[in-house]
Amino acid sequence: MSIRTIRQIIQPKIVIEGAGVRLRRSISPNRTNLFDPFLLFDHFIFDYPIEGPISGFPMHPHRGIETVTYMLSGSTHHRDSLGNSGTIGPGDIQWMTSGRGILHEEMPRQDNNGRVNGFQLWVNLPKERKMVKPQYQEVASESIPQIDYLGSHMKLIAGKIKNTEGPITDISANPLYIDLSLDNHSVFTQNTNSEDTVFAYIFEGGCSFSEYGETVQATTLVHLNKGKQVKIFSNTGVRLILVSGTPFCEPIAPYGPFVMNTQEEIRQALKDLREGTFVR
Ligand code: FE
């Protein structure tokens, strides 16, 4: 069985977004679409007072994508143009399908120890679903299946491991999203569709992707080559987010918080925003 080898190792860049939030960004929307169907991967981590008080992401639009927020510590308060509001806490997930348009605000909050730690992934929508009605799937930590098997500890957010299915369903990109911890001297194995895009974001410890391969240490994103099986070896323990998805193989036109298929559709999004017809 073909094992997925390392295609590229990416060190996240520090970027400032929203109202001055410092992020570690590993993937950003680009026409080359190397991570198809994924567009962006951000790690927001703060440890007050080292990084200062947190501002957040005041009201902004999205069209044509899905944004996925997963918290490890601290929380994110959100509200939107459809009248939804709520707070995502540690271990909770929010999978937001922006479709034709949404305006929302995302405000990370520290926990009692002053910590915020979480991730945001952007998943593309295929051409025929870019203008669907916006939708949310919000899942509380206690509803996310935890699977423990031979030194692997998995929180299954989306996709399937053996007979267990994650709570996030009906996503066009057919995603697998796992929060994975490996004990010392353990090996994790997961089958994937050979042609799917797979990456691992290592945020604690280190691991390798073949038995005698180089050890990749946190904090790093590893893009894997095509292949049937993902194998992760850890000598000293590791924590990572493992993501896979089926590419749409369509051209993309990214522009800030919008990702459409053509420039014309971007112009339309900006026009709708100007004319007040963006949210219907
Ligand atoms: Fe947003």
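Reference entry: report on the structure contained in this document. Keep in mind that this is a model prediction, so the values were computed, not measured.

**A look at the coordination of the iron ion**
The protein atoms that coordinate the iron ion are H60 (NE2), H62 (NE2), H104 (NE2) and E106 (OE), at distances of 2.1 to 2.4 Å. Of note is the iron ion, whose four donor atoms meet at the metal with angles of 84 to 179 degrees in an arrangement that counts as irregular. Donor residues for the iron ion, ordered by position in the chain, follow H-x1-H-x41-H-x1-E. Each member of the pair, H104 together with E106, is buried.

**Remarks on the nonpolar core**
Counting residues in each nonpolar core, the largest one holds 28 residues, and the members touching the most others are F119, L121, Y177 and F199. Elements represented by at least two residues in this core include exactly β4 (38-47), β6 (65-73), β9 (93-97), β11 (115-124), β14 (152-158), β19 (197-207) and β23 (238-245). In this structure, Y177 is in contact with V68, Y70, W95, F119, L121, K155, L156, I157, A158, I241, L242 and V243, ignoring residues within four places of it in sequence. Counting residues in each nonpolar core, the second largest holds 22 residues, with L156, A200, I232 and V238 among its members.

**A look at unusual backbone geometry**
Residue P37 is bonded to the preceding D36 through a cis peptide linkage, with omega at 15 degrees. By the element assignment, P37 lies in the loop between β3 (21-27) and β4. Even without being a glycine, D170 presents a positive backbone phi close to 60 degrees. With respect to the element layout, D170 can be found in the loop between β16 (164-165) and β17 (176-182). The class of D170 is exposed, set by a relative accessible area of 72%. Positioned with a positive phi, H185 is a non-glycine residue whose angle comes to about 50 degrees.

Each value, and the rule that gives it
Residues numbered from 1 in each chain as written. Predicted model: local features only at pLDDT ≥ 70, side-chain atom pairs only at ≥ 80, totals over all residues. Heavy atoms only, no water. Donors = N, O, S within 2.8 Å, 3.2 Å for Na, K, Ca; no water. Tetrahedral: all angles 85-135°; square planar, octahedral: opposite > 155°, others 65-115°. Buried < 20%, exposed > 50% of the residue type's maximum accessible area, 1.4 Å probe, protein only. Core = buried A, V, L, I, M, F, W, Y, C linked by side-chain atoms within 4.5 Å. Helix = DSSP H or I, 4+ residues; strand = E, 2+ residues; numbered from the N terminus. Contact = heavy atoms within 4.5 Å.

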